[in-house]
Structure formats: structure tokens, C-alpha cells
Amino acid sequence: MTRYRDHLRAAGAAPIANRRAGCHPAPHSSRSATKSVQVLCVLFLLAVGIGWAQGIDLVAVISKPVSRTVELPGEFQAFQSVQIHAKVRGYVERVVVDRGSVVKRGDLLAELTAPEIQAQIAEAESKVQAAESERLQAVAQLSAAESTSDRLKQASETPGAIAGNELIQAQKQVEAAQALVESKQQASRAAESVVRAQKDLEAYLRITAPFDGVVTDRLVHPGALVGPGADPVMLVIQDVSHLRLVVAVPEEDVGGIVAGGRVEFRVPAYPERTYAGAVARIAHALDEKTRTMAVELDVFNRDGSLSPGMYPAVKWPIRGSKPLLLVPKTSVVTTTERTFVIRDRNGRAEWVNVRKGTAEGDLIEVAGDLKAGDLVVRRANDEIREGDATRVGGKKK
């Protein structure tokens, strides 16, 4: 009996088994009955203690470099997107494109009609003609004044033929005629500028594509009034050959951002395909509400399978300065008060608080006062108390 008690005491299981089995003799039982109960309890405790000690399986904490990915949602945006408005006020005469039309830079999209612009051009052209007529008249007056001045100069060579005052007056008339010509020339140029401005406005009646892209929306039809004051959006054009993939990266994962790095992703429309883009633009600031950083990837949509507005699943790389520590999932015990693993320290159990991370198969990432090679209980539970034996007949892996 003493050997059994020593064995149980060495295994550290007797106190627990006593509590579990509740082996206490009845207070009014006979001495022989009490002795029989004690024998049975000892045999039971021996079986339970040895079985419990032999059932502890120890496993080493694994260290693994941080090289994994997490799946983050992203959103596709067109590299260029513009809403087409009318520069001048007028009525839509015709729209030559529709939703889905592929356009090139400079292609005609729509034409407007504005009769008042034609009237303004005609009025401006008539002012040009009037200004030109006045300029020519001023030039003729200048020629006459110069001719008179030249004759007076010749006559003044004969002493006493021409008074000096007359010669001065003739010269002043020439200067005045020259100033008048310059004034009329400026007026003529101003009138021509008005004509050009009116014709430039007339050119805005023809609405063209600002860049290569696709018409993704059409919002007007012939007869609609557009332009300043009405100002409805006529068309929406987007460049879908080159897309921006915007990913909101959580604060704890921004360490994986590398400019120019290649990142893979999938879209629900083509789950069997894997696409890739390059990190091109980084916000370098966190959103205060979501605590994420916006990162843009350049994606070239050569086959047209991707579209703005899609929400791909991005395989974002995770990088860290310290390697990961992995233990079996069954080694982590979670109670209402703490999350811990049971570490073997010199043959005795020690509870070590940890934080759980990402699971990898049957293993799970943990962070805490552990290091690679530490032995922990593979199938842990909170009934294995601190100080209990961990190596009596146990296995070590």
C-alpha cells in the first residue's frame, strides 16, 4: 500500500483523483468496511493517476518565418473616369454613342444645336468688316496727310514760299493719321478675336472623347437642354484597359507593403483564374475610422475580363521582424479568465498566457512568453494544474 501511495504522490495525481472520485468513507461505517473502501479507492487512484500521467503528450513549439498571406477585399476603379458635360448651352441634336461603345481620343460623341451662336458669329463678322473698312479709311487719310506733308517740305526749300507753322501742322496731321490707323488696326484685331471666340464656342457644339475608353453610361437623348444652367451629365467615359485596384490594408499588416511588389488576387466572376497587379501608390496615412491604409495596385486589363466596381479577394503578403511560434490547436486552452498553454518546466506543468493568431492547418500561431523548442502539452485542459507532473510515463515529441 505504501508503494502505491508513493507512486501516486510521485505522479502528482492522487489529490486530483481523490477529488474526482470522492473516496471518503462514511462517518458511521465500521472499521472493516472503511478499510475495504480505502483499498478500493487506492486501487482506483492508482489506475487513474498512472493513466493520467501516461496520457500527457508533450510537443515542441515550432518556429516559422513570417511568410504568409491574408485575404483582403479590394475594389476596382477605372484609371481614368470622366463625366461629360456641355460647355455651351444648347439642345442635343444627336448622340452617336451609347453605353458600351468603345471610343478613341477625339471621336465624336454628340452634337448640339444653338442658333444664337450662329447669329453671334454673323454679328461679330460684320463688326470685323466695319472695323476693316474704318482701318482702310484711316490708312487713306494717313497717305493724304503724308503726301501733303511731303509737298510742303519740298516747297519749304524755297525761302519764303511756306510758312514754318504750316509745315508743323502738316507733320502733326501725319502723326494723328498714324495714330488713327493704329487704333483702327487694334479695333479690327479685337473684332477678329470675337469671331474666333464665337467659332470656338461653336466647336463645343461637337462633343468629343477626351481619352481612349468605354462609354459606361448615357444620360441624355436628342432634344435635351444641356450646358451651363441646365448642366446635366451627358455621358460617362472610363478607361478600363488600365485599372486601379484599391486595397484597404489593416494597420497591423502595413509592414507587407512594398512599392512595386507583385500581389495576386481573384474575382468572383472568374474563380478559376489568378490575376496579379503591382503596388503603385501608397497613401502613407491611416483612415481614422477604419484604421486602414489605402494602397493602389496597377492592373492592366488586356483581355477586358475585369471591370470597375468588382470586389476581388486580394492575397496580401504578411511580413514581420520576428518568426511565428506555432503549437497544435489542442494545446491552447481558453477560459473566461485567460488563454494559455501548459508548458513543461523541469517535469512540472506551467501555465503560460498567450494570444492566438492565424491558424495553419492543425497548428495555430501564438504570442506570449514562449520560445522555439519549449515543450507544451498537446491536449491541454484546465484540469491540469500548475505544478502537476508532466513526464511520468509521458511522451515527448
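Numbering of residues starts from 1 in each chain and follows the order in which that chain's sequence is written. Totals for whole chains, interfaces and linings use every residue, but because this is a predicted model, local features are given only for residues with pLDDT of at least 70 and side-chain atom pairs only at 80 or more, for both listing and counting. As a rule here, side-chain values cover all heavy atoms of the structure and leave hydrogens and water aside.

**Here we look at the overall build of the chain**
Here comes step 1: The helix and strand labels rest on DSSP assignments: H or I over at least four residues marks a helix, E over at least two residues marks a strand, and numbering proceeds from the N terminus. The helix and strand tally for the chain stands at five helices and 21 strands.
Here comes step 2: Only protein chains enter the accessibility calculation, which uses a 1.4 Å probe. A residue is then buried if its area is under 20% of the maximum for its type, exposed if over 50%, and partly exposed in between. By the burial criterion, 36% of the 397 residues in the chain qualify as buried.
Here comes step 3: Nonlocal contacts in the chain, meaning residues at least 24 apart in sequence, comprise 75% of its contacts between residues at least 6 apart.
Here comes step 4: Per element, the accessible surface of the chain, about 23200 Å² overall, is 51% carbon and sulfur. It only takes one pair of heavy atoms within 4.5 Å for two residues to be counted as in contact. Each accessible area is a Shrake-Rupley result for a 1.4 Å probe, and residues are judged covered by the shown protein chains and nothing else.

**Section: the pattern of salt bridges**
Here comes step 1: Each reported salt bridge corresponds to a side-chain nitrogen of Lys or Arg within 4 Å of a carboxyl oxygen of Asp or Glu. Following the criterion strictly, the structure yields 20 salt bridges and no others.
Here comes step 2: Between Glu296 and Arg244 there is a salt bridge; the shortest N-O distance is 2.9 Å. Pair noted here: Glu296 is in strand E13 (residues 292–300) and Arg244 is in strand E10 (residues 235–250), with a separation of 52 residues, a long-range link.
Here comes step 3: Among the ionic contacts, a cluster of salt bridges with common partners joins Arg343, Arg345, Glu350, Lys371 and Asp374.

**Some remarks on the pairing of strand E3 (residues 68–84)**
Here comes step 1: A pair of strands is treated as paired once DSSP finds two or more bridges between them. Strand direction decides the pairing type here: E3 and strand E14 (residues 313–318), joined by six bridges, are antiparallel. Pairing of Glu71 across the sheet is with Lys315, part of E14.
Here comes step 2: Where E3 lies against E10, 10 bridges are found, and the strand directions are antiparallel. Each residue of the ladder has a partner; that of Gln77, found in E10, is Arg244.

**Some remarks on the confidence of the model for the chain**
Here comes step 1: Confidence in the prediction of the chain, expressed as mean pLDDT, is 81, and 80% of residues score 70 or more.
Here comes step 2: Mean pLDDT across the secondary structure elements of the chain bottoms out at helix H2 (residues 14–21), with 40, and peaks at strand E5 (residues 102–103), with 96.
Here comes step 3: On a scale of 0 to 100, pLDDT captures the predictor's confidence in every residue. Across residues 39–54, where pLDDT falls below 50, the model places 30 contacts with residues more than four positions away in sequence or in other chains.
Here comes step 4: Between residues 392–397, whose pLDDT stays under 50, and residues either more than four places distant or in other chains, the model counts 20 contacts.

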